[in-house]
Amino acid sequence: MLKEASKKFLYASGLLGFYHRIRNANTLTVVMFHRVLPPDDPRWSSCDPDYTLATAWLEASLAFFKRHYHVVSLQQVLDARRGKGSLPPRALLITFDDGWSDNADHALPALRRAGLPALMFVVSDAVGTRQPFFQEQLIGAWRRGVLTVCELASALGAAEGVGESMGALRKLIARLEELDPGQRERVLAPFSDRLDDGHRHMVDAQDLHRLLRGDVALGLHGKTHTPMRQAVDLDAELGGARAALATALGQPDANAASMSFPHGSFDRDIAARASEAGYELVFTSVPVLNPTAPQLGWLLGRTGFETDTVVDGHGRFRPDLLALYLFRKPSQRLA
């Protein structure tokens, strides 16, 4: 209780805000969201709870950003990188990964009400598909009670007694991620009729145009969502993704200037390949703040948002927890 009271006091007193204004004046903070849903949306019951924010929590986070940062657009970041301007003190860029349709349905209206820009990183092959990636399909099936961890463990030849828990399920998903696509498809084939929950989860072309009109820029998140270090065809995941997104938009000349690495998977050589493929800004999942002086780098860190980042054990939004989480991140130039 004393620790919790201390956190609340540090924030309410303004001390944390003062610390942030001094320490992080010359940095760009990039935050990373995934799904955004209200609890009454039918997709809520099957989403991954660790990577889904209730709409009210996103709205509270946006208000926090407006209070403590200068929220910037992708274009402002590109201009700073190109030497055409400088970023304001304590700049912050809001990003969303994967291309979830709920971002267009719920995050976009929240952003527009707050008057804030953002950037969505899209998996190009997922545009126009209904069902999410296999990881989310398995979590959804388990949460709906139509698939057990024991069944999946048996299909993988895993030891018995793994237990029916989210932790056990995530361990099995990690094993599936290590398989090549053909092997994984064979393991999951017996469960295919249980994985479709009947809802559309991924953006379509209409959603993308709606996002662009709402000041949400588009970048790439790979072509297939394969971790880059496991990609058989890295050129397809980089340049091929850009071409596929341009086709989905009906804009052959569209040339996305930014990308992020699926699953945070990359190494120095892959980052260099991304830059050589023409991406001016390449975003990682390394949780660091990006120095803006004397010039912003091209390889940037991002800080991920999970539910417990902003919400306590009682389901209450806690700005003091968010401040402690964001304000103290190390500042590091990645390239």
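Note: the structure precedes this text.
Just so it is clear, the model here is predicted, and its values are computed rather than measured. (Residues numbered from 1 in each chain as written. Predicted model: local features only at pLDDT ≥ 70, side-chain atom pairs only at ≥ 80, totals over all residues. Heavy atoms only, no water.)

Looking at the overall build of the protein chain
And then number 1: Within the protein chain, the regular secondary structure consists of 15 helices and 12 strands.
And then number 2: Taken against the 2.2 N^0.38 rule, which gives 20 Å for 335 residues, the C-alpha radius of gyration of the protein chain at 20 Å falls within 12% of a compact globule.
And then number 3: Reported as C-alpha extents along the three principal axes, the dimensions of the protein chain are approximately 55 × 55 × 35 Å.
And then number 4: Residues classed as buried in the protein chain amount to 52% of the 335 residues present.
And then number 5: With 38 positive and 38 negative side-chain charges, the protein chain shows a spacing of 8 Å between the two charge centroids. (Helix = DSSP H or I, 4+ residues; strand = E, 2+ residues; numbered from the N terminus. Rg over C-alpha atoms; globule rule 2.2 N^0.38 Å. Buried < 20%, exposed > 50% of the residue type's maximum accessible area, 1.4 Å probe, protein only. Lys, Arg positive; Asp, Glu negative; His and termini not counted. Charge placed at Lys NZ, Arg CZ, Asp CG, Glu CD.)

Focus on helix 2 (residues 15-23)
And then number 1: Looking only at helix 2, the buried set comprises Leu 16, Gly 17 and His 20. Buried residues along helix 2 cover an arc of 100° about the axis, so they all sit on one side.
And then number 2: The inward-facing, buried residues of helix 2 contact helix 1 (2-12), helix 3 (55-68) and helix 15 (319-327). (Arc of directions from axis to C-beta. Contact = heavy atoms within 4.5 Å.)

Description of the environment of Leu 116
And then number 1: Residue placement: Leu 116 occurs in the loop between helix 5 (101-114) and strand 6 (118-122).
And then number 2: Aside from chain neighbours lying at most four places away, what touches Leu 116 is Leu 62, Lys 66, Val 71, Ile 94 and Leu 111.

What to know about the pairing of strand 1 (residues 27-33)
And then number 1: Burial analysis of strand 1 places seven of its seven residues in the buried class, which makes it a mostly covered element.
And then number 2: By the alternation rule, side chains of strand 1 split into Thr 27, Thr 29, Val 31 and Phe 33 and Leu 28, Val 30 and Met 32, which are all buried.
And then number 3: Examined bridge by bridge, strand 1 and strand 5 (residues 91-98) share six bridges and lie parallel to one another. Counted as the bridge partner of Val 30 is Leu 93 from strand 5.
And then number 4: One ladder, built from two bridges, connects strand 1 with strand 12 (residues 303-304); its direction is parallel. Bridge pairing in strand 12 places Val 31 opposite Thr 303. (Pairing = 2+ DSSP bridges.)

Some thoughts on the side chain of Ser 46
And then number 1: Among the secondary structure elements, Ser 46 is positioned in the loop between strand 2 (35-37) and strand 3 (52-54).
And then number 2: Engagement of the side chain of Ser 46 in a polar contact is seen with the side chain of Asp 197, the distance being 3.0 Å. (Polar contact = N/O pair within 3.5 Å; in protein donor to acceptor, adjacent residues only side chain to side chain.)

Remarks on the nonpolar core
And then number 1: Phe 65 and Ile 94 are the most contacted members of the largest nonpolar core, which totals 61 residues.
And then number 2: If one sorts the elements of this core by residue count, helix 5 sits on top with six residues.
And then number 3: Aside from chain neighbours lying at most four places away, what touches Ile 94 is Val 31, Phe 33, Leu 62, Phe 65, Val 71, Leu 111, Leu 116, Pro 117, Ala 118 and Leu 119.
And then number 4: If you look at the next biggest cluster of nonpolar residues, it comprises 20 residues, including Leu 138, Ala 158, Leu 176 and Phe 191. (Core = buried A, V, L, I, M, F, W, Y, C linked by side-chain atoms within 4.5 Å.)

Some details on the packing of aromatic side chains
And then number 1: Tallied over the full model, the rule gives 13 aromatic pairs.
And then number 2: With a centroid separation of 5.3 Å and 50° between ring planes, the pair formed by Phe 121 and Phe 283 is classed as tilted. Residue Phe 121 is located in strand 6, and its partner Phe 283 is located in strand 9 (residues 281-283); the two are separated by 162 residues in the primary sequence.
And then number 3: The exposure class assigned to Phe 283 is buried, which follows from its relative accessible area of 0%.
And then number 4: Among the aromatic residues, ring-to-ring pairing joins Tyr 11, Phe 33, Phe 64, Phe 65, Tyr 69, Phe 96, Phe 305, Tyr 325 and Phe 327 into one connected group.
And then number 5: Between Arg 242 and the ring centre of Tyr 279, over which it is positioned, the NZ or CZ distance is 4.2 Å. (Phe/Tyr/Trp six-rings, centres within 6.5 Å; stacked < 30°, edge-to-face > 60°. Lys NZ or Arg CZ within 6 Å of the ring centre and 35° of its normal.)

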